[in-house]
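# Topology and contacts: notes
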Amino acid sequence: MARILPVPSFDCVVFGATGDLTMRKLLPSLYGRFRDRQFGTDSRIIGAARSLLSTSEYRQRAEAALRAHLPAAELEPEVIGAFLALIEYRPVGADDSRGWEALVALLEERSGQVRVFYLATSPDLYGAVCARLAGIGAINARSRVVLEKPLGHDLASARAINEAVGVVVPEAQTFRIDHYLGKETVQNLLALRFANPIFERLWNADVIDHVQITVAETVGVETRGGYYDRAGALRDMVQNHMLQLLCLLAMESPLSLDADAVRDEKLKVLRALRPLSPREAQAVVVRGQYGAGAVEGQPVPGYLENLAAFPGTEREGWGPSTTETFVALKAQVDSWRWAGVPFYLRTGKRLPRKVSEIVVQFRMPPFSLFPPEAQAREPNRLLIRLQPEEGMRLEVMTKEPGPGGLRLRPTSLDISFEKTFGQRFPDAYERLLMDVVRGNPTLFMRRDEVEAAWAWVQPLLEAQADRPETPRPYAAGSWGPTAAIALIERDGRTWHE
Ligand code: BG6
């Protein structure tokens, strides 16, 4: 059993309290931590949003969200009752003065508590909400402000948000969340690399041929078309989650696990990413958009049909949406350790399987001792499965048993984390929310990191803007446009599937 370390009592004010993220992730995650007694009945969860709801109406919505998003085995009537009793709701106008006095009065009832302000609104409101919080005197030494992604839609807007927030909230109290960093298996990358010298000694261009990072989803845009059509896969997944994975894989050993020591090393990777001009980006970035097809045996409509449900996403006079729902790209880290080792990244919606996986492919032996009839010449590969069925697999060559000559066959050393540890992995938000309460920013992005990631992505966005025609169609249920396969095959390599 994992050890549960109780956190200090807190008030967690969620702005955007009626939104999808709060209902789907934040409330169920807080419930999970409460159920495990990581915090008690002296903490409060305060929903704040535009809607004129009473606390009891909001509690009903919260209960429905728990029932919809948690497994039945975790729904314990007594715990639910006690959890709902922690919840308050106040109607608050994020960009006007409505409701702020009532909010401050509520907070003042327990002025010594840790205060978490979770901003799950549109990012254009982050600056205004922080200014109001400072205006009512709610930011003190025990306050932390959490900023959900997306943090802006390009480098300039990300800088503007950071600037506006930074005027009133010190960096040490600003928690920019990337929920991938809260996933157990993502944190395990640090353990894999720095607790196992057998890997760390081989973790360089002398031995590694290339790295692949795939984050594939079967879902389409579902209820999020309004947001997604303005973002697209590059902003929604690559700029944040995928570059964070790349950083953890490629960074040097930090001097300690101290938050800044880890983030300094990740920042160096982002700065070492070879910049791509919009022209170069056209050669190494493939964008796709799903059309109708079938996923897991079910027929599904295409992206444009999905969008039809969202007013405001149609582009009168501009033709259909050119937002990408798939991206594959090749990145290079210009450092001594990684010179010449490509990192291939791909992510997309409506792909055949939900899987997040890292493949570290080692070089072939420099010389083959075995005759051609020994067959199978496969490189060693280390597969790190982030979700689902979290685990690791090391593919090695072995001799096929039995007489009849020496034949080689690839086999694997497999570790399933679920079987090994026999417990459920908490949702990433559970871990991250408790880190916020404790004031530990290690798994959150520092301002310079976020901006360095946007700086690398910016020319890719510009390349897209120059060639709006480029999202290539792919059928829902396929692995993306054929150009994504060509991207890696041009280099004599293939995607691991
Ligand atoms: C979110 C994206 O950040 O991550 C979504 O906005 C995506 O579009 C989600 O579906 C994927 O997260 P997970 O944890 O399901 O891999």
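Conventions we followed
Residues numbered from 1 in each chain as written. Predicted model: local features only at pLDDT ≥ 70, side-chain atom pairs only at ≥ 80, totals over all residues. Heavy atoms only, no water. UniProt positions renumbered as here; feature names shortened; annotations may be inferred. Helix = DSSP H or I, 4+ residues; strand = E, 2+ residues; numbered from the N terminus. Contact = heavy atoms within 4.5 Å. Buried < 20%, exposed > 50% of the residue type's maximum accessible area, 1.4 Å probe, protein only. Polar contact = N/O pair within 3.5 Å; in protein donor to acceptor, adjacent residues only side chain to side chain. Phe/Tyr/Trp six-rings, centres within 6.5 Å; stacked < 30°, edge-to-face > 60°. Lys NZ or Arg CZ within 6 Å of the ring centre and 35° of its normal. Near = heavy atom within 4 Å. Areas by Shrake-Rupley, 256 points an atom, 1.4 Å probe, with all protein chains shown as cover. Nonpolar A, V, L, I, M, F, W, Y, C, P; charged D, E, K, R; others polar. Disulfide = S-S within 2.5 Å.

Annotation from UniProt places "binding site: substrate" (unreviewed entry) at His179, Lys183, Glu217, Asp236, Lys349 and Lys354. Take His179: it is sitting in the loop between β6 (174-176) and α7 (184-194). Apart from residues lying up to four places away in sequence, His179 is in contact with His241, Ala428, Tyr429 and Leu432. Position of Glu217 among the secondary structure elements: in the loop between β7 (208-216) and α9 (225-231). Overall, Glu217 belongs to the buried group, its relative accessible area being 14%. Apart from the residues within four sequence positions on either side, Glu217 is in contact with Met237, Gly348, Lys349, Arg350, Leu351, Arg353 and Lys354. Of note is the side chain of Glu217, whose polar atom sits 2.8 Å from the side chain of Lys349.

Below, the discussion takes up the packing of aromatic side chains. Taken as a whole, this structure holds 14 aromatic pairs when the rule is applied. Here Phe34 and Phe83 contribute two aromatic rings whose centre-to-centre distance is 5.9 Å and whose plane-to-plane angle is 45 degrees, an arrangement assigned as tilted. Highlighted residues: Phe34 in helix α1 (residues 20-35) and Phe83 in helix α3 (residues 77-84), separated in sequence by 49 residues. For Phe34, a relative accessible area of 9% gives the class buried. Members of the aromatic cluster, connected to one another through ring pairs, are Phe10, Tyr31, Phe34, Phe39 and Phe83. Stacked on the ring of Tyr180, the Lys or Arg Lys183 has its end atom at 4.6 Å from the ring centre. In this structure, Arg350 packs its charged tip against the face of Tyr290, placed 6.0 Å from the ring centre.

What surrounds the ligand is the set Lys149, His179, Tyr180, Lys183, Glu217, Arg224, Asp236, Met237, His241, Lys349, Lys354 and Gln387. Contact distances for the ligand include 2.8 Å between an oxygen atom and a side-chain N or O atom of Lys349. Its free accessible area being 400 Å², the ligand has 82% of it covered by the protein chains. Ranked by residue count, the leading element in the shell around the ligand is helix α10 (residues 233-250), at three residues. Split by residue class, the shell around the ligand holds two nonpolar, three polar and seven charged.

Now for the environment of Ser51. For Ser51, the location among the structural elements is in the loop between β2 (44-49) and α2 (55-69). Remark: the alpha-carbon pair of Ser51 and Asp258, spanning 207 residues in sequence, is separated by 41 Å. Each residue touching Ser51, except ones within four places of it in the same chain, is listed here: Thr18, Tyr89 and Pro91.

The sites that carry the UniProt feature "domain: Glucose-6-phosphate dehydrogenase NAD-binding" (unreviewed entry) are, in the present numbering, residues 13-188. Annotation note: span residues 13-188, helix share 44%, strand share 16%, distance between end C-alpha atoms 30 Å.

It is worth spelling out the state of the cysteines at this point. Taken as a whole and assessed by the stated rule, the structure comprises zero disulfides. Note on Cys130: no disulfide assigned, nearest cysteine sulfur contributed by Cys12 at a separation of 14 Å.

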